[in-house]
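Chain residues, written in single-letter form:
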Amino acid sequence: MRILAIDHGTKRMGIAASDELGMIAQPLEFILAEPFAGFLERLKEIIREKQVELILVGMPRNMDGSYGPAALKAQEFVAVLKTSVAIPIQTVDERLSEALAHSRAFR
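Quick look at the side chain of Arg 2
Okay, so step 1: Mapped onto the elements of the fold, Arg 2 is located in the segment before β1 (3–7).
Okay, so step 2: Reaching out from Arg 2, the side chain makes a polar contact with the backbone oxygen of Ser 18 at a distance of 2.9 Å.
Okay, so step 3: A distance of 2.4 Å separates polar atoms of two side chains, one belonging to Arg 2 and the other to Glu 20.
Okay, so step 4: When neighbours within four sequence positions are excluded, Arg 2 is seen to be in contact with Ser 18, Asp 19, Glu 20, Lys 50, Gln 51, Val 52, Glu 53 and Leu 54.

Digging into a nonpolar patch on the surface
Okay, so step 1: A surface patch of nonpolar side chains, amounting to about 380 Å² of accessible area, comprises Leu 21, Met 23 and Ile 24.
Okay, so step 2: Note that Met 23 resides in the loop between β2 (12–18) and β3 (25–32).
Okay, so step 3: Residue Met 23 is classed as exposed on the basis of its relative accessible area of 65%.

Examining the packing of helix α1 (residues 36–50) against helix α2 (residues 69–84)
Okay, so step 1: For the pair α1 and α2, the least separation of the axes is 12 Å and the interaxial angle reads 60°. The orientation of α1 with respect to α2, classified from their angle, is oblique. Like other packed secondary-structure pairs, α1 and α2 cross with a definite hand, here right-handed. The segment α1 lies against α2, with Phe 36, Phe 39, Leu 40, Leu 43 and Lys 44 engaging Phe 77, Val 80, Leu 81 and Ser 84.
Okay, so step 2: Looking at the contact of α1 with α2, its residues break down into seven nonpolar, one polar and one charged.

Calculation rules
- Within any chain, residue numbers begin from 1 and follow the written order of that chain's sequence.
- Where local features are concerned, this predicted model is filtered to residues with pLDDT of at least 70; where side-chain atom pairs are given and counted, the filter is 80 or more; whole-chain, interface and lining totals use all residues.
- In computing side-chain values, all of the structure's heavy atoms are included and hydrogens and water are not.
- Labels follow the DSSP assignment, with helices taken as runs of H or I lasting at least four residues and strands as runs of E lasting at least two, numbered in each case from the N terminus.
- Distance and chemistry together define a polar contact, namely a pair of N or O atoms within 3.5 Å, with one atom able to donate a hydrogen and the other to accept it when in protein, and with adjacent residues in sequence counting only for side-chain atoms on both sides.
- In what follows, a contact means two residues having at least one pair of non-hydrogen atoms within 4.5 Å.
- Candidate patch residues must exceed 30% relative accessible area and have no salt bridge, after which like charges are joined if within 9 Å and Val, Leu, Ile, Met, Phe, Trp or Tyr side chains if within 5 Å.
- Areas reported as accessible are Shrake-Rupley estimates using a 1.4 Å probe. Residue values count occlusion only from the protein chains shown.
- Any Lys or Arg side-chain nitrogen located within 4 Å of an Asp or Glu carboxyl oxygen qualifies as a salt bridge.
- When accessible area is computed with a 1.4 Å probe and restricted to protein chains, residues below 20% of their type maximum are described as buried, those above 50% as exposed, and intermediate ones as partly exposed.
- Only the contacting stretch of a helix is used when fitting its axis, a line to C-alpha atoms as for every element, and angles between N-to-C directions run 0 to 180 degrees.
- The cut-offs work like this: below 35 degrees is roughly parallel, past 145 is roughly antiparallel, 65 to 115 is roughly perpendicular, and the gaps in between are oblique.
- Here a crossing is called left-handed whenever its near helix is offset anticlockwise from the far helix by less than a right angle, and right-handed whenever the offset is clockwise.
- Side-chain classes are defined by residue name, with Ala, Val, Leu, Ile, Met, Phe, Trp, Tyr, Cys and Pro counting as nonpolar, Asp, Glu, Lys and Arg as charged, and the others, Gly among them, as polar.

Written as C-alpha cells, this is what we have:
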C-alpha cells in the first residue's frame, strides 16, 4: 500500500510518499498552501501518479496531548481534504517526531 504523508503548513505543505510496501518514505516536494484549489489539483495529480491508497496528515499536538492553534488548523485542513479526495485520511501525532528523526540519523 502506497502512503502519502502531508506536513500541513499555512504557507506550504510538505509532501512525502512511501514505497509500494508502505515502509520507507521519501520526500517529494513542497506545494504552496494557497490558492487551495491549486494545492488540491497538484495533490490529486500526485495521488494518481503514485497510486496512493492512504493519506497521513501530521497532527502537531502539545506535549500534554492537547490541541493548540496549529493542531486546530490541521484538523480543519483534514476535514476539507476528506470532502475533496476519495481515499482514506488519517492523522498522526507529531509530538517528538523531529527529535526521534534526529536521534536515529545521528547514531
